[in-house]
Amino acid sequence: MTQVELILQPAPERNRSMLIYASRLAANAPAGHRWTLRQLPRLPLDSKGRVSELLLAPPTLASINGPAHVIDPGHAHYLTWLRGPKVLTIHDLVPWKVGQGRYPADARPYLSRRARFIARRNYAAVKRADRIVADSRATAADVEDAFGRKADVVYLGVDRIFHDPPSSATTEELDRRLQAVAGRPVMLQVTSGFFYKNDAGVAAAFRQLSESHPDLAWVRVGAPPDAATTAWLLSSGCSNRFIHLDKVSIELLVAAYRRASVLVFPSWDEGFGWPPLEAMAAGCPVVASDRGSLAETAAPASLTVDPADAGSIAAGIARVLDEPALRQDLTDRGHRHVAAFTWQETADRMRGIYQSL
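Reference entry: report on the structure contained in this document. Since this is a predicted model, take the numbers as computed values, not measurements.

On to helix α15 (residues 343-356), then. In an α-helix, one turn spans 3.6 residues, which is why side chains three or four residues apart end up on the same side. Between the first and last C-alpha of α15 there are 20 Å, a value that for 14 residues agrees with the 20 Å anticipated at 1.5 Å per step. For α15, the full list of buried residues reads Trp 343, Thr 346, Ala 347, Met 350, Ile 353 and Tyr 354. Buried residues along α15 cover an arc of 120° about the axis, so they all sit on one side.

Here it is in structure tokens:
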């Protein structure tokens, strides 16, 4: 039997992916094992949890005597105060790679002074982890490069909800929000807006496709487009073919994957990359780069493109739109491929790591 505290920051709702990761681990703990979410306390009016981290996190963490798992590398400094055996998951090392100049100059990666300070503080604490977990072999290689440490590769799971049809109410809601592009093929983009998502490459590809595929609609989920892209959409007359969906529920995201003709995901880097696998589960063909972890998680069942070449991205999307046989092949391969990414498998791998402590 293992008893492990899964440590969440004071405001976990601000990073939904980390909340999903921790909650799915806890929910899939094997019989007889107890993996408990421990959210650090938050002071009133401290919506971001920053003051709470300074004042309340140290004594709270020091009171935990048993095994603990810090599930977010953005809070690796929590390891400093934990007394018992410690596990740290590193999902990616994008800030470290920015400092190493690992990305193309035209991607214009930028980290503020505060972000650089936080990254240095967290990276200095990595040595305190007894075991390090990485979401992919690519991230594990980065961990060894950056810290000289071996990391256990444990892939994330894909929620069952992405495999199942959405409710009729959810489908109707999506239809209302996409009414302006009803009947058009849809190029779906899911993005946080961070530089490594290669939003500029997606925008440039759509510019090319706007001429060869004038009926194509671009639906963007997540962060809004930048000012330059917005200005081009307006000046080119393509704004009526673009829809931005913000604050989308998981249910609505499932419906969006099922409505889309193709998901485009040409990232410069990823630590794991959920959207391509979610799209595959929902039956949506994927066009993606093979940079970072995507070579493992997406490339085996997607059409790969060069993220540095907008023409390559546009050509990949056009092939999926124009070649029904390819579209069906990608859909079938995606269903088979994503079946291996379950939270039960993730939990089984984590059990061995926890027991080793």
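Another aspect to go through is the environment of Arg 184. Turning to its location among the elements, Arg 184 is positioned in the loop between α7 (168-177) and β7 (186-191). A relative accessible area of 23% places Arg 184 in the partly exposed class. Along the backbone, Arg 184 and Ala 217 are 33 residues apart, and their C-alpha atoms lie at a distance of 6.2 Å. Not counting residues within four places of it along the chain, the set of residues in contact with Arg 184 comprises Pro 214, Asp 215, Leu 216, Ala 217, Asn 240, Arg 241 and Arg 259. Only 3.4 Å separates the side chain of Arg 184 from the backbone oxygen of Pro 214, close enough to count as a polar contact.

A separate point is the packing of aromatic side chains. For the structure on display, the rule yields 14 aromatic pairs. Measuring from centroid to centroid gives 6.4 Å for Tyr 155 and Phe 272, while their planes differ by 45°, and the two rings are tilted. A residue pair is termed long-range when its members are at least 10 positions apart, and Tyr 155 in the loop between β6 (152-153) and α7 and Phe 272 in the loop between β10 (262-265) and α11 (274-281) qualify at 117 residues. Under the relative-accessibility criterion, Phe 272 is labelled buried at 4%. Aromatic pair Trp 218 and Phe 242: ring centres 4.9 Å apart, planes at 75°, arrangement edge-to-face. Of this pair, Trp 218 sits in strand β8 (residues 217-222) while Phe 242 sits in strand β9 (residues 242-245), placing them 24 residues apart in sequence. Overall, the relative accessible area of 14% leaves Phe 242 in the buried class. A network of ring pairs unites the aromatic residues Tyr 103, Phe 194, Phe 195 and Tyr 196 as a single cluster.

With respect to topology, six strands assemble into an open sheet ordered β9-β8-β7-β10-β11-β12, the strand pairing being parallel. Each edge of the open sheet carries a strand with a single partner, namely β9 and β12 (303-304). Here three bridges tie β10 to strand β11 (residues 286-288), and the two strands are oriented parallel to one another. For Val 264, the partnering residue across the bridge sits in β11 and is Val 287. Across the sheet, helix α13 (residues 310-322) lies against β7, β10, β11 and β12, angled at about 165° from β10, the strand it touches most.

With respect to the helices and strands, the residue Thr 229 is situated in helix α9 (residues 227-236). Residue classification places Thr 229 among the buried positions, given a relative accessible area of 9%. When sequence neighbours within four positions are dropped, the list of residues in contact with Thr 229 reads Ala 203 and Trp 218.

Here we come to the pairing of β10. Look at any regular strand and the pattern is simple: side chains alternate between the two faces of the sheet. Burial along β10 is two-sided: the face carrying Val 262 and Val 264 and the face carrying Leu 263 and Phe 265 are both buried. Note that β7 and β10 share two bridges and pair parallel. Counted as the bridge partner of Met 187 is Val 262 from β10. Tracing the backbone out of β10, into α11 and back to the parallel element β11 gives a crossover that is right-handed.

The rules behind the values
Residues numbered from 1 in each chain as written. Predicted model: local features only at pLDDT ≥ 70, side-chain atom pairs only at ≥ 80, totals over all residues. Heavy atoms only, no water. Helix = DSSP H or I, 4+ residues; strand = E, 2+ residues; numbered from the N terminus. Expected span 1.5 Å × (residues − 1). Buried < 20%, exposed > 50% of the residue type's maximum accessible area, 1.4 Å probe, protein only. Arc of directions from axis to C-beta. Contact = heavy atoms within 4.5 Å. Polar contact = N/O pair within 3.5 Å; in protein donor to acceptor, adjacent residues only side chain to side chain. Phe/Tyr/Trp six-rings, centres within 6.5 Å; stacked < 30°, edge-to-face > 60°. Pairing = 2+ DSSP bridges. Axes fitted to C-alpha atoms, helices over the stretch in contact; angles between N-to-C directions. Right-handed = clockwise from strand over helix to strand, strands pointing away.

All quantities given are derived from atomic positions and should not be read as evidence of function.
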